[in-house]
Amino acid sequence: MKTYRIATIPGDGIGKEVVPAGKAVLEALARTNRSFAFEFENFDWGADYYRANGVMMPADGLDQIRDKDAILFGSAGDPDVPDHITLWGLRLKICQGFDQYANVRPTRILPGIDAPLKRCGPQDLNWVIVRENSEGEYAGVGGRVHQGHPIEAATDVSILTRAGVERIMRFAFRLAQSRPRKLLTVITKSNAQRHAMVMWDEIANQIAAEFPDVKWDKELVDAATARMVNRPATLDTIVATNLHADILSDLAAALAGSLGIAPTGNIDPEHRYPSMFEPIHGSAFDIMGKGLANPVGTFWSVVMLLEHLGEQAAAQQVMAAIERVTADPALHTGDLGGTATTAQVTDAVCALIEKVAVVA
Ligand code: ATP
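- By the naming in an unreviewed UniProt entry, the chain goes by D-malate dehydrogenase (decarboxylating) and is assigned to Paraburkholderia caffeinitolerans.
- Of the chain, the UniProt comment under Sequence similarities (unreviewed entry) reads exactly: "Belongs to the isocitrate and isopropylmalate dehydrogenases family."

Right, here's the structure in full:
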C-alpha cells in the first residue's frame with residue numbers, strides 16, 4: 001500500500017477551519033480505499049506564528065516539508081499584519097522555493113449553484129486558468145529611493161524570462177491538449193507593453209507549433225474580461241501572466257457563483273518538489289471561528305491534489321461527492337445563500353465518499 005505524506009498548513013482565519021475539513025475528506029477517502037493511505041503532518045505557520053516569532057515560517061521551513069508528496073494550504077492574511085508580510089513570508093516563499101511555476105485554477109458552475117450570468121448555463125462556463133506563478137509582475141524586483149521626501153520614487157519591475165515563458169506555455173498547451181475541446185486562449189497586453197509581452201506573444205507562437213492539434217487564439221487582458229462575461233463558452237483553457245491571471249481568476253470564481261468554491265494548485269510539473277493546493281479565497285476574518293466557512297473550495301483543491309498524485313479514480317470519487325452536496329440547497333453555506341455549517345457540509349461529503357463502494 002502506498003502512503004502519501006501530506007503537509008497541512010492551515011495558516012490564518014478560516015484556513016484553520018477549512019484545512020481540517022479537507023483533511024477529514026482525505027481520511028474518509030483512505031477508509032474506503034485499500035491501495036493508498038495518508039500520513040499527515042501539521043504546521044502552525046502564519047500570522048500567529050509571526051506574532052510569536054517575528055517570521056511567518058521558520059528559516060528551515062522549506063526543508064521541513066521538502067520530502068512531502070503534497071501540501072494542503074489554507075490561507076495567509078491577518079488584519080494586524082501587513083499583507084506583503086503574510087504573502088511573501090509564507091505562501092510565496094513556498095511557491096518560489098519549490099518552483100511551483102504553474103498555478104492552475106479550474107472554474108465550473110457546479111450543480112445547484114446560482115451563478116450571476118443570466119444567459120450562461122453550467123455547460124457554457126468550464127474553464128481552467130493557468131497562471132504563470134514564478135516571475136512576471138510578482139518577480140519581487142524593484143525598490144524605493146528617497147523615502148519620505150517629495151522626490152520619493154518606487155519601482156516594481158516585471159521580469160519575463162524566455163525559459164519561464166516557454167515552460168508555462170508548454171504546460172498550458174499540454175493541458176489544453178488533454179481537455180476535450182483542445183482550445184487555448186493566450187492572454188496578452190502587447191499593444192501597450194512593448195517588450196516582455198511581445199516576447200510572450202512570440203514564444204506562444206513558437207510553442208504552438210509543437211501542438212498542431214490545439215486550437216489557440218490571443219486576447220488582450222482587458223478584452224478578456226468582457227469576453228468572460230459576454231461569451232464564456234468561447235473560452236476553455238486560458239494562460240496568462242502572474243498579475244493578469246490573478247485578476248481574471250477572481251472574476252472567474254465570482255462568475256462561477258462564489259469565492260468559497262474555487263480551488264487552485266501551485267504545481268511543480270516536474271515533480272522535483274511538493275506541489276501545494278489551496279482554496280483561492282483568503283482568510284475571511286469576518287466569518288472566522290463561527291463554523292460558517294464554505295469548505296468546498298478546499299475539497300476541490302483536495303481533488304486537484306489527488307489528480308497530481310496520480311489517483312484519478314479517487315479524485316473523481318471526491319468530485320462526485322462534492323457535486324452531490326452542492327446540488328442540495330440544504331447543504332449550502334452562507335456565501336451561497338444557505339444556512340449550512342462547515343461541519344454539516346464536511347460530514348455530508350465524507351458520508352457520500354464512504355457510501356461509495358471500495359475503489360481498489
Ligand atoms: P485575505 O486578506 O486573506 O485575502 P479577505 O477576507 O480580504 O482575505 P477573502 O477571504 O478572499 O478576502 O474573501 C472576501 C469575503 O468573501 C470574505 O470576507 C467572506 O465574507 C467571503 N468568503 C470568502 N471565502 C469564503 C468561504 N470559504 N466561505 C464563506 N465565505 C467566504
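What to know about the packing of aromatic side chains
Move 1: Applying the stated criterion across every chain yields a total of 8 aromatic pairs.
Move 2: A centroid spacing of 5.5 Å and a plane angle of 20 degrees characterise the contact between phenylalanine 173 and phenylalanine 211, whose relative ring orientation is stacked. Here phenylalanine 173 is found in helix α5 (residues 162-178), whereas its partner phenylalanine 211 is found in the loop between α6 (196-208) and β9 (215-220), with 38 residues between them in sequence. With respect to class, phenylalanine 173 is no different from phenylalanine 211; both count as buried.
Move 3: Three or more aromatic residues link up through ring pairs in this structure, and these residues are Tyr4, Phe36, Phe38 and Phe40.

A short note on the pattern of salt bridges
Move 1: Taken as a whole, this structure holds 24 salt bridges when the rule is applied.
Move 2: With a closest N to O distance of 3.6 Å, aspartate 246 and arginine 131 form a salt bridge. Note that aspartate 246 is positioned in helix α8 (residues 242-255) and arginine 131 in strand β5 (residues 126-132), a separation of 115 residues in sequence.
Move 3: Taking the relative accessible area as the measure of exposure, arginine 131 reaches 6% and is therefore buried.
Move 4: Residue arginine 179 pairs with aspartate 236 through a salt bridge whose shortest N-O separation is 2.9 Å. Of this pair, arginine 179 sits in the loop between α5 and β8 (183-188) while aspartate 236 sits in the loop between α7 (221-230) and β10 (237-240), and the two are 57 residues apart along the sequence. Across the pair, aspartate 236 and arginine 179 agree in class, each one buried.

Thoughts on the side chain of glutamine 317
Move 1: Tracing the chain through its elements places glutamine 317 in helix α10 (residues 312-326).
Move 2: Owing to a relative accessible area of 7%, glutamine 317 belongs among the buried residues under this scheme.
Move 3: Within the structure, glutamine 317 has its side chain in polar contact with the side chain of threonine 32 (distance 3.4 Å).

Points about the site of the ligand
Move 1: Taken together, 14 residues lie near the ligand, and Gly282, Ser283, Ala284, Asp286 and Asn294 sit nearest.
Move 2: With respect to the ligand, the side chain of histidine 281 contributes an N or O atom lying 3.3 Å from a nitrogen atom.
Move 3: At a separation of 2.7 Å, an oxygen atom of the ligand approaches a polar backbone atom of glycine 282.
Move 4: A total of 610 Å² of accessible area belongs to the ligand in isolation, and the protein chains cover 66% of it.
Move 5: Residues of the shell around the ligand, tallied by class, amount to 6 nonpolar, 6 polar and 2 charged.

Comments concerning the nonpolar core
Nonpolar side chains in soluble globular proteins tend to end up buried together.
Move 1: Core analysis: the biggest nonpolar cluster contains 85 residues, and Met169, Trp200, Val239, Leu306 and Ile322 have the highest contact counts within it.
Move 2: With 8 residues, the top contributor of residues to this core is helix α9 (residues 296-308).
Move 3: The residues that make up this core include at least three from each of domain 1 (1-102 + 260-360) and domain 2 (115-256).
Move 4: Ignoring anything within four residues of it in the chain, the contact list for methionine 169 reads Val186, Trp200, Ile203, Ala204, Ile207 and Val239.
Move 5: Ranked by size, the runner-up nonpolar core spans 16 residues in total, among them Ile9, Phe43, Trp45 and Cys95.

Thresholds applied
- One numbering rule holds for all chains: residues counted from 1, following each sequence as written.
- In view of the model being predicted, local features appear only for residues whose pLDDT reaches at least 70, and side-chain atom pairs are presented and counted only at 80 or more, with totals across whole chains, interfaces and linings using the full set of residues.
- In computing side-chain values, all of the structure's heavy atoms are included and hydrogens and water are not.
- UniProt positions are given in the numbering used here, feature names are shortened, and annotations may be inferred rather than shown by experiment.
- Whether two aromatic rings pair depends on their centres lying within 6.5 Å, for rings of Phe, Tyr and Trp, where Trp uses its six-membered ring; planes under 30 degrees apart make the pair stacked, over 60 edge-to-face, and the rest tilted.
- We count a stretch as a helix when DSSP gives it H or I for four or more residues in a row; a strand needs E for two or more, and each element gets its number in order from the N terminus.
- Accessible area is worked out with a 1.4 Å probe on protein chains only. A residue is then buried under 20% of its type maximum, exposed over 50%, and partly exposed in between.
- Counted as salt bridges are all cases of a side-chain nitrogen of Lys or Arg within 4 Å of a carboxyl oxygen of Asp or Glu.
- Pairs of N or O atoms within 3.5 Å make up the polar contacts considered here, provided that, within protein, one atom can donate a hydrogen while the other can accept it, and that residues adjacent in sequence are counted only when both atoms are side-chain atoms.
- Consider each residue's heavy atoms; a residue with any of them within 4 Å of a molecule or strand counts as near.
- Calculation of accessible area relied on Shrake-Rupley with a 1.4 Å probe; when residues are assessed, cover is drawn exclusively from the protein chains displayed.
- Asp, Glu, Lys and Arg are counted as charged, while Ala, Val, Leu, Ile, Met, Phe, Trp, Tyr, Cys and Pro are counted as nonpolar; the rest, among them Gly, fall into the polar class.
- In these notes, a set of buried Ala, Val, Leu, Ile, Met, Phe, Trp, Tyr and Cys residues joined through side-chain atoms within 4.5 Å is what counts as a nonpolar core.
- Where a domain begins and ends is set by an automatic assignment or by a domain database.
- Residues are treated as being in contact if the distance between any of their heavy atoms lies within 4.5 Å.

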